[in-house]
Amino acid sequence: MRLIFAVSCFLPLTFAYASAQEAMPKDMHHDHHEHAAPSSPKKETAPEPKQPKGPADEKPADKKTTSHSNHIHGRTKVSAAKHQGHREGRHQAHTGGMDQGHEGMHEAHEMKGFLGPYPMNREASGTSWLPDATPHEGIHQTYGEWMLMEHALINGVYDHQGGPRGGNKAFVGGMVMGMAERTVGDGTLGFRAMLSPDPFMGPSGYPLLLATGETADGRTPLIDRQHPHDLFMELAGSYSHKLSPTSSVFVYAGLPGEPALGPAAFMHRTSGVDIPEAPITHHWLDSTHITFGVVTAGLVLDNWKIEASSFRGREPDQHRFDIEEPKLDSYSARLTWNPIRELSLQVSAGHLHSPEQLSPEVNEDRITASATYTQPFAQNNLWSTTFAWGRKMNHPGNTLDGFLLESELIFNRTYTLFMRAERVAEDELLENVAGMPETGTRMPVFTVNKVSIGGIYDVPVADHLKLGIGGLVSKYALPSTLKPFYGGDPTSFMVFLRLELS
Ligand SMILES: [Cu+2]
């Protein structure tokens, strides 16, 4: 079996550890230390006991510019943000007073959000939000006025999709991300670059039963396959201007970038980041995360965000290594609310001009609504769940609903369990079957269901580097008309190794 590598982003594994450390009384610290990091690198844990001592310990980290030192700094920030969650949660009683002090002292050098006056934990890809309780991983540095962060997650996957429409493939997928921000006057200037190794898997992507969308060669639609992401997934800049301690206005532009439409993309939300396969609802919810040409403007009012985008409606083409021509022929708007630290809600709607290269006469209106709940619990554990609904209204064509429920449970930063259940009304699955109508005309609609469950075991292998081994199994519920095409009751699985740099 060949194993290669894939990437994602915003992987949550060490945060809960850091935050628990900080929130706990001294004696518990030692206890925690011993069991949480049996094989973990010395440097990673060494600085942590310092954190509770006081501002004097923090200041030096703030000024250092090495990756290691500022890693501490990054964690400090994460811890501070997570504290607030603790304060509101069940730890309130026993950590309350201590937390207050910590929050104050961390605040000054927290890595801020690109778009508003809140901790960066709230932000995911593009201009999307996650709950404030979201862990935020990455290696941090400070260079003069600039704060930098890098993060990479690379998976090598062996994929088996069952039945006559399935297939086998070993591939590399994933993501490498760099971010930079600095304060400019009353505002924050931010840049983000996100790259993917996906194009090296070839233009036809990987087998994924029931997945549809985009094309491998400009002629044949990808059906029962997931397209590779483009080499450049996000090259974007933003500027936000603070209006008050809790409000701001912002602009964001990307080539490519992500318009204000849908939940945070699957590889950027805590509930989905550890799952190496794309959701089959991708084109109902978050497929616009790589859009060549996006301009977004928005307003942040405390825990609310309202924003609008103009962008290129057309999906990326089959040439995955290039930068495509930007256009602003489509638009969207999104309202996001984080009512409590553990929850983020959004509704959004957009008009996509001619999204599919193979049916250029079809425009799409899309509506999405989603909720993401992320709850750290006990000391090193995390639970994150997303529910999302997306409706595609093709003009001309069908109106199609997609539902997604995904959830992830991480124990002791080491054991991850995940599941994703989806229900999608599809009209492209039989597009390439002889005798069926051509693309773009009104096709029969089939409602299909898929459930994947899996897990990962992680071990630290070096400073900032973790190796995980994982697997998942997928089952389907198909309408009887489709069953013969899929061989009745197929089973699919993936096994994977992943490296995470954070
Ligand atoms: Cu995608």
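Details of the pattern of salt bridges
Reasoning step 1: Evaluated as defined, the whole model comprises 21 salt bridges.
Reasoning step 2: Between Glu 406 and Arg 269 there is a salt bridge, with its nearest N and O atoms 2.4 Å apart. Here Glu 406, found in strand β15 (residues 399-411), pairs with Arg 269, found in the loop between β8 (247-254) and α7 (282-285); they are 137 residues apart in sequence, far enough to count as distant. For the pair Glu 406 and Arg 269, one class covers both residues: buried.
Reasoning step 3: Measuring nitrogen to oxygen at the nearest pair gives 2.5 Å for the salt bridge that ties Lys 305 to Glu 307. Pair check on accessibility: Lys 305 and Glu 307 agree, each one buried.

Focus: the coordination of the copper ion
Reasoning step 1: At this site the copper ion is bound by His 229 (NE2), His 282 (NE2) and His 289 (NE2), with donor distances of 1.9 to 2.0 Å.
Reasoning step 2: Donor residues for the copper ion sit on one chain with the sequence pattern H-x52-H-x6-H. Of the two residues, His 229 sits in the loop between β6 (221-226) and β7 (232-244) while His 282 sits in helix α7, which places them 53 residues apart along the sequence.
Reasoning step 3: On the basis of relative accessible area, His 229 is assigned to the buried category, the value being 5%.

Description of the pairing of strand β1 (residues 139-143)
Reasoning step 1: With four of five residues buried, β1 lies mostly within the body of the structure.
Reasoning step 2: Alignment of β1 against strand β2 (residues 146-161), held across five bridges, turns out to be antiparallel. Bridged to Tyr 143 within β2 is Trp 146.
Reasoning step 3: The turn joining β1 and β2, which pair antiparallel and follow one another in sequence, is formed by two residues; a positive phi near 60° is taken by Gly 144.

Things to note about the side chain of Gln 161
Reasoning step 1: Mapping Gln 161 onto the fold places it in strand β2.
Reasoning step 2: Classification of Gln 161 as buried rests on a relative accessible area of 2%.
Reasoning step 3: Engagement of the side chain of Gln 161 in a polar contact is seen with the side chain of Tyr 476, the distance being 3.4 Å.
Reasoning step 4: Separated by 3.4 Å, the side chains of Gln 161 and Ser 492 make a polar contact.
Reasoning step 5: If sequence neighbours within four positions are ignored, Gln 161 has contacts with Gly 166, Gly 167, Asn 168, Pro 207, Leu 208, Leu 209, Tyr 476, Thr 491, Ser 492 and Met 494.

Section: the packing of aromatic side chains
Reasoning step 1: Summed over the entire model, instances satisfying the criterion amount to eight aromatic pairs.
Reasoning step 2: Seen from their ring centres, Trp 304 and Trp 337 are 4.7 Å apart, and the 10° between their planes marks the pair as stacked. Of this pair, Trp 304 sits in strand β10 (residues 304-311) while Trp 337 sits in strand β11 (residues 330-337); the two residues are 33 residues apart in sequence, bridging distant segments of the chain.
Reasoning step 3: Residue Trp 337 is classed as partly exposed on the basis of its relative accessible area, which comes to 34%.

Things to note about unusual backbone geometry
Reasoning step 1: Cis rather than trans, the peptide bond between Leu 255 and Pro 256 has omega equal to 0°.
Reasoning step 2: For Pro 256, the position within the fold is in the loop between β8 and α7.
Reasoning step 3: The amide bond that connects His 395 to the next residue, Pro 396, takes the cis arrangement and shows omega of -5°.
Reasoning step 4: By secondary structure assignment, the location of Pro 396 is in the loop between β14 (381-395) and β15.
Reasoning step 5: Residues other than glycine seldom take positive phi values, yet Asp 224 does so here, at roughly 60°.
Reasoning step 6: Its relative accessible area of 4% is what places Asp 224 among the buried residues.
Reasoning step 7: Positive phi, normally seen in glycine, also occurs at Arg 413, with a value near 60°.
Reasoning step 8: Its place among the elements puts Arg 413 in the loop between β15 and β16 (415-426).
Reasoning step 9: Accessibility expressed as a relative area gives 10% for Arg 413, which makes it buried.

Examining the pairing of β11
Reasoning step 1: Only one face of β11 is buried, namely the one carrying Ser 330, Ser 332, Arg 334 and Thr 336, since none of Tyr 331, Ala 333, Leu 335 and Trp 337 on the opposite face is buried.
Reasoning step 2: Of the pairings in the sheet, the one linking β11 to strand β12 (residues 343-352) comprises seven bridges and is antiparallel in character. Across the sheet, the residue bridging to Arg 334 is Ser 348, located in β12.

Structural notes on the confidence of the model for the protein
Reasoning step 1: The pLDDT averaged across the protein works out to 81; a share of 76% of its residues lies at or above 70.
Reasoning step 2: Taken as a whole, residues 1-109 scores under 50 in pLDDT and shows 254 contacts with residues more than four places along the chain or in a different chain.

Thoughts on the environment of Gly 454
Reasoning step 1: Tracing the backbone through its elements, the reader meets Gly 454 in strand β17 (residues 446-462).
Reasoning step 2: With 17 residues separating them along the chain, Gly 454 and Gly 471 place their C-alpha atoms 5.4 Å apart.
Reasoning step 3: Gly 454 has contacts with Thr 416, Leu 417, Phe 418, Gly 471 and Leu 472, leaving out every residue within four places of it along the chain.

Here is what the cut-offs are and how they apply
Residues numbered from 1 in each chain as written. Predicted model: local features only at pLDDT ≥ 70, side-chain atom pairs only at ≥ 80, totals over all residues. Heavy atoms only, no water. Salt bridge = Lys/Arg side-chain N within 4 Å of Asp/Glu carboxyl O. Helix = DSSP H or I, 4+ residues; strand = E, 2+ residues; numbered from the N terminus. Buried < 20%, exposed > 50% of the residue type's maximum accessible area, 1.4 Å probe, protein only. Donors = N, O, S within 2.8 Å, 3.2 Å for Na, K, Ca; no water. Pairing = 2+ DSSP bridges. Polar contact = N/O pair within 3.5 Å; in protein donor to acceptor, adjacent residues only side chain to side chain. Contact = heavy atoms within 4.5 Å. Phe/Tyr/Trp six-rings, centres within 6.5 Å; stacked < 30°, edge-to-face > 60°. pLDDT = per-residue confidence, 0-100.

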